[in-house]
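An overview of the molecular structure
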Amino acid sequence: PKAIIDMFLHYILTTVPGIHFSLREDKLDKLTQDLSDHLLDIILTDAPFDANALRDITSHLIGRIPIVFCVNPRLARKVKKFPEDLKKIPLILPAAPTQIYYTVREYLDENRIEPDIIGEIEDIEIVRRLVLRGHGAAPLNLLTIQGAPARRKLVVLNTEPEEKLCEKIYLVTKKRKIPHPLLDTILKNFLIEDFMKDFDQCK
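A brief report on the enclosed structure follows. Keep in mind the model is a prediction, meaning the values are calculated, not measured.

Our focus in this paragraph is a positive patch on the surface. Together, Arg-74, Arg-77, Lys-78 and Lys-80 make up a positively charged patch on the protein surface. Considering the arrangement of structural elements, one finds Lys-80 in the loop between α3 (73–76) and β3 (90–94).

See below:
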């Protein structure tokens, strides 16, 4: 999520004013290979990573962000009981293979809910806008909701999300003889939960 990237860069720029950095976006396997080849210092990802796949590469869990189901006020009136009433309204999902997609599908299966899925979309901002227009409900991570404009037009259906209904965020690093001097500070001090606003602000 872009909100997490923004948070991460803000932390770096305020920790070391004047630092010069390079930011890239790519598939995890390509980034991991570049990390292994010493072309990158660190990877920020929401994808589970097999730490045994490559030698001396470590995955660090830095946060669990609650996933909340959001609707506009009109559709919210149809949901009296959560999660059972999700089958009464259309559902828009972030596209596979995102972590949220698989987490939500597993959650729906466990609760024996067969929703009317009308779309699977990669761009989370488009998902949020469709929800605001009343086209359906959507599972979004809490940080995305808190950082979005006009967030108060959205209604959160599960105001107390279950612990397993979350998106995990990782930092991936490679062991080096001479590591970047900022890495140790980041790994010790950058935890997403420390930077998140109170959940009450988006209810």
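Right, picking up where we left off after that structure.
Bringing the environment of Gln-99 into the picture now. The residue Gln-99 is located in helix α4 (residues 99–110) in this model. Separated by 68 residues in the primary sequence, Gln-99 and Glu-167 place their C-alpha atoms 6.7 Å from one another. Among the polar contacts listed, one links the side chain of Gln-99 to the backbone nitrogen of Lys-168, at a separation of 2.7 Å.

A few words on unusual backbone geometry. Going from Phe-82 to Pro-83, the amide bond is cis rather than trans, its omega being 5°. Looking at where Pro-83 falls in the secondary structure, it is placed in the loop between α3 and β3. Positive phi values are uncommon outside glycine, yet His-38 reaches one of about 65°. By the secondary structure assignment, His-38 is in the loop between α2 (28–36) and β1 (43–45).

The subject of this paragraph is the packing of aromatic side chains. Summed over all chains, the structure comprises 5 aromatic pairs. Here Tyr-11 and Phe-190 contribute two aromatic rings whose centre-to-centre distance is 5.3 Å and whose plane-to-plane angle is 50°, an arrangement assigned as tilted. On the criterion of sequence distance, the pair formed by Tyr-11 in helix α1 (residues 2–15) and Phe-190 in the segment after α7 (181–189) is long-range, its members being 179 residues apart. Judged by its relative accessible area of 0%, Phe-190 is buried. A centroid spacing of 5.2 Å and a plane angle of 85° characterise the contact between Tyr-101 and Tyr-102, whose relative ring orientation is edge-to-face. Through successive ring pairs, a cluster of aromatic residues spans Phe-8, Tyr-11 and Phe-190.

A surface patch of nonpolar side chains, about 270 Å² in accessible area, is lined by Leu-13, Phe-21 and Leu-23. The class of Leu-13 is partly exposed, set by a relative accessible area of 37%.

Where α1 contacts α7, the axes come no closer than 12 Å and their chain directions differ by 125°. Considered as vectors, α1 and α7 are oriented oblique to each other. The interaxial crossing formed by α1 with α7 has right-handed handedness. Contacts between α1 and α7 involve Phe-8, Tyr-11, Ile-12 and Thr-15 from the former and Leu-182, Thr-185, Ile-186 and Asn-189 from the latter. Residue composition of the contact of α1 with α7, grouped by class: 5 nonpolar, 3 polar and no charged.

What counts and what doesn't
- One numbering rule holds for all chains: residues counted from 1, following each sequence as written.
- Local features in this predicted model are restricted to residues of pLDDT 70 or higher, and side-chain atom pairs are both shown and tallied only at a pLDDT of 80 or more, whereas totals for entire chains, interfaces and linings draw on every residue.
- Values shown for side chains rest on all heavy atoms present in the structure; no hydrogens or waters enter the calculation.
- Patches in this entry comprise residues that are over 30% relatively accessible and not in a salt bridge; like charges within 9 Å are linked, as are nonpolar side chains (Val, Leu, Ile, Met, Phe, Trp, Tyr) within 5 Å.
- Note on areas: Shrake-Rupley with a 1.4 Å probe; residue coverage comes only from the protein chains shown.
- One speaks of a salt bridge when a side-chain nitrogen belonging to Lys or Arg is within 4 Å of a carboxyl oxygen belonging to Asp or Glu.
- As used throughout, the charge tally considers Lys and Arg to be positive and Asp and Glu to be negative, leaving His and the chain termini uncounted.
- Where a charge sits is defined by one atom per residue type, namely NZ (Lys), CZ (Arg), CG (Asp) or CD (Glu).
- For the purposes of this entry, the term helix denotes a DSSP run of H or I that reaches at least four residues, the term strand denotes a run of E that reaches at least two, and both are numbered from the N terminus.
- Here a polar contact is taken to be a pair of N or O atoms separated by no more than 3.5 Å, where protein atoms must pair a possible hydrogen donor with a possible acceptor and residues adjacent in sequence count only if both atoms sit in side chains.
- The rule is short: rings of Phe, Tyr and Trp, with Trp giving its six-membered ring, pair when the centres are within 6.5 Å, and they are stacked under 30 degrees, edge-to-face over 60, tilted in between.
- Between buried and exposed lies partly exposed: a residue is buried under 20% and exposed over 50% of the maximum accessible area for its type, with that area taken using a 1.4 Å probe on protein chains only.
- Here the axes come from fitting lines to C-alpha atoms, over the contacting stretch only for helices, and the angles between their N-to-C directions go from 0 to 180 degrees.
- Angle categories: roughly parallel below 35 degrees, roughly antiparallel above 145, roughly perpendicular from 65 to 115, and oblique for all the rest.
- Each helix crossing is assigned a hand: it is left-handed if the near helix lies turned anticlockwise from the far helix by less than a right angle, otherwise right-handed if that turn is clockwise.
- Two residues form a contact once any of their heavy atoms are found within 4.5 Å.
- Amino acids outside the nonpolar list (Ala, Val, Leu, Ile, Met, Phe, Trp, Tyr, Cys, Pro) and the charged list (Asp, Glu, Lys, Arg) are all regarded as polar, and Gly is one of them.

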